[in-house]
Amino acid sequence: MAISRAPKHGSIETEGTPGCRLQMGNLPIFLVALVSLVPLNQGLVHADFYTDAVFTWGSLNSAIWGSGNNLALLLDKVSGSGIQTNREFLFGSIEMQIKLVPGNSAGTVTAYYMSSTGTKHDEIDFEFLGNLSGQPYIIHTNVFTQGVGNREQQFYPWFDPTSDFHNYTIHWNPSQIVCFVDGLPIRVFRNYEKIRIPFPNKQAMTAYSSLWNADNWATRGGLIKIDWSNAPFIARYRELRLRACTWTGPNSISQCAQTTPAKWWTSPAYSELNDMQKGQLNWVRQNFMIYDYCKDAKKFKGQVHPECSLPQF
């Protein structure tokens with residue numbers, strides 16, 4: 001694994017890791033209390049960027065410090081940068097704290113996702129679309145099954161994602177996929193395989209993150225380009241957690257889905273959102289969702305994905 005303490009084309013100033021402060025904006029008081037009830041099992045497995053990840057590109061535009069607990073990715077005119085876990089997984093939770101590019105980030109995308117390989121790949125996406133100074137980021141999510149995506153849901157954050165670290169978790173089990181932000185579920189993709197809707201449950205996925213130039217589409221459909229006078233652009237990461245079933249081969253398809261205490265993600269408690277989480281999800285959807293593929297009949301010419309007619313969570 002190549003590690004760069006300082007980038008070739010920019011400057012990454014490392015910083016300490018103060019405790020993450022949730023910035024809940026106008027989040028109702030009763031939900032603030034609920035956020036403290038972490039939705040996933042407490043025994044999170046610590047990982048670090050030195051030993052559990054490798055750079056996939058732009059290693060000179062990145063830095064790792066603090067015993068491997070901190071990472072920065074940098075984008076300049078020459079290159080962006082990207083990293084991936086050195087293991088593959090099937091089910092569990094992948095968790096990261098991220099502080100996004102501050103200021104005028106238009107045209108940049110910070111991606112954080114899981115994906116298998118091949119033309120019929122599975123994928124679970126968080127993508128953070130930068131914007132002009134003073135305009136909110138867009139949290140862009142998507143799910144691919146057997147190479148088919150077009151399941152975008154987008155949200156405005158209810159906090160400033162550039163002023164502090166916030167927790168982004170991808171939780172994935174045989175029953176559902178849930179994307180969490182600071183402990184709040186923002187989207188769910190249910191397993192409806194029994195009625196022939198593909199679900200990601202047979203392909204190993206690697207966790208990735210990258211910072212790259214996407215000004216051909218990211219901000220207002222590509223109308224707003226990157227202002228390179230603001231470069232370098234830097235996204236910061238910490239507290240990588242890989243609480244997931246490590247892929248060891250095709251036998252993992254059955255082993256990672258076993259209903260045993262060790263495979264905590266298969267517990268009935270995680271098979272669907274509880275009432276508290278459903279209330280949180282509804283609050284996010286009603287107040288911060290700005291796009292839902294299930295409501296875009298025009299794009300799909302009246303033929304939206306079949307899961308859109310079924311309970312979403």
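Here the residue numbers are simple positions, counted from 1 along each chain's written sequence. Per-residue local features of the predicted model are confined to residues with pLDDT of at least 70, and side-chain atom pairs are confined, for both listing and counting, to 80 or more; whole-chain, interface and lining totals are unaffected and use all residues. The basis for every side-chain value is the complete set of heavy atoms in the structure, and neither hydrogens nor water enter the calculation.

### A short note on the pattern of salt bridges
A pairing counts as a salt bridge when a side-chain nitrogen of Lys or Arg comes within 4 Å of a carboxyl oxygen of Asp or Glu. Counted by the stated rule, this structure contains seven salt bridges. Among the salt bridges present, the one from Lys202 reaches Glu193, with a minimum N-O distance of 3.1 Å.

### Thoughts on the packing of aromatic side chains
For Phe, Tyr and Trp, rings pair up if their centres lie within 6.5 Å, where Trp contributes its six-membered ring, and each pair is then called stacked (planes under 30 degrees apart), edge-to-face (over 60) or tilted (otherwise). Evaluated as defined, the whole model comprises 15 aromatic pairs. On the basis of an interplanar angle of 75° and a centroid distance of 5.1 Å, the ring pair of Trp264 and Tyr270 is categorised as edge-to-face. Exposure categories follow from relative accessible area, calculated using a 1.4 Å probe and restricted to protein chains: below 20% of the type maximum is buried, above 50% is exposed, and the middle band is partly exposed. Judged by its relative accessible area of 15%, Tyr270 falls in the buried class. Pairwise contacts between aromatic rings join Tyr112, Phe126, Phe128 and Tyr168 into one cluster.

### Regarding the side chain of His140
Residue placement: His140 occurs in strand E8 (residues 138–144). Pairs of N or O atoms within 3.5 Å make up the polar contacts considered here, provided that, within protein, one atom can donate a hydrogen while the other can accept it, and that residues adjacent in sequence are counted only when both atoms are side-chain atoms. A polar contact of 2.8 Å, which involves the side chain of His140, links it to the side chain of Gln154. In this structure, His140 is in contact with Asp125, Phe126, Glu127, Leu129, Glu152, Gln153 and Gln154, ignoring residues within four places of it in sequence. Secondary structure is summarised from DSSP: a helix means a run of H or I of at least four residues, a strand means a run of E of at least two, and numbering begins at the N terminus for each. Contact between two residues is taken to exist if any of their heavy atoms lie within 4.5 Å; hydrogens are not considered.

### Examining the sheet that holds strand E4 (residues 81–85)
When DSSP finds at least two bridges between two strands, those strands are taken to pair. Read from one edge to the other, the open sheet built from eight strands follows the order E1-E4-E13-E6-E7-E8-E9-E15, with strand pairing classed as antiparallel. Of all strands in the sheet, those with a lone pairing partner are strand E1 (53–57) and strand E15 (289–292), marking the two edges. Averaged over all pairs of adjacent strands, the angle between their axes in this sheet comes to 15°, without regard to strand direction. Of the strand pairs in this sheet, strand E6 (residues 108–115) and strand E13 (residues 206–213) are connected by eight bridges, and their pairing is antiparallel. What sits directly across from Tyr112, in E13, is Ser209. A fitted line through C-alpha atoms serves as each axis, taken over the contacting stretch for helices, and the angle formed by two N-to-C directions is quoted from 0 to 180°.

### Digging into the sheet that holds strand E10 (residues 166–172)
Overall, antiparallel pairing links the seven strands, which are arranged E2-E3-E14-E5-E10-E11-E12 in an open sheet. Only two strands of the sheet have a single partner each, and these edge strands are strand E2 (62–65) and strand E12 (184–190). The sheet shows a mean angle of 20° between the axes of neighbouring strands, taken without regard to direction. With seven bridges joining them, strand E5 (residues 89–99) and E10 adopt antiparallel strand pairing. Along E10, the bridge assignment pairs Gln97 with Asn167. The sheet contacts of helix H3 (residues 275–288) involve strand E11 (176–181) and E12, and relative to E12 the element is tilted by about 100°.

### Regarding the confidence of the model for the protein
Per-residue confidence for the protein averages 88 on the pLDDT scale, and 86% of its residues sit at or above 70. As a per-residue quantity, pLDDT reports the predictor's confidence and falls between 0 and 100. Long-range and interchain partners of residues 1–11, a stretch whose pLDDT sits below 50, account for 38 contacts in this model, where long-range means more than four residues apart. Residue range residues 16–43 is modelled with pLDDT below 50. Its contacts to residues more than four positions away, or to other chains, number 54 contacts.

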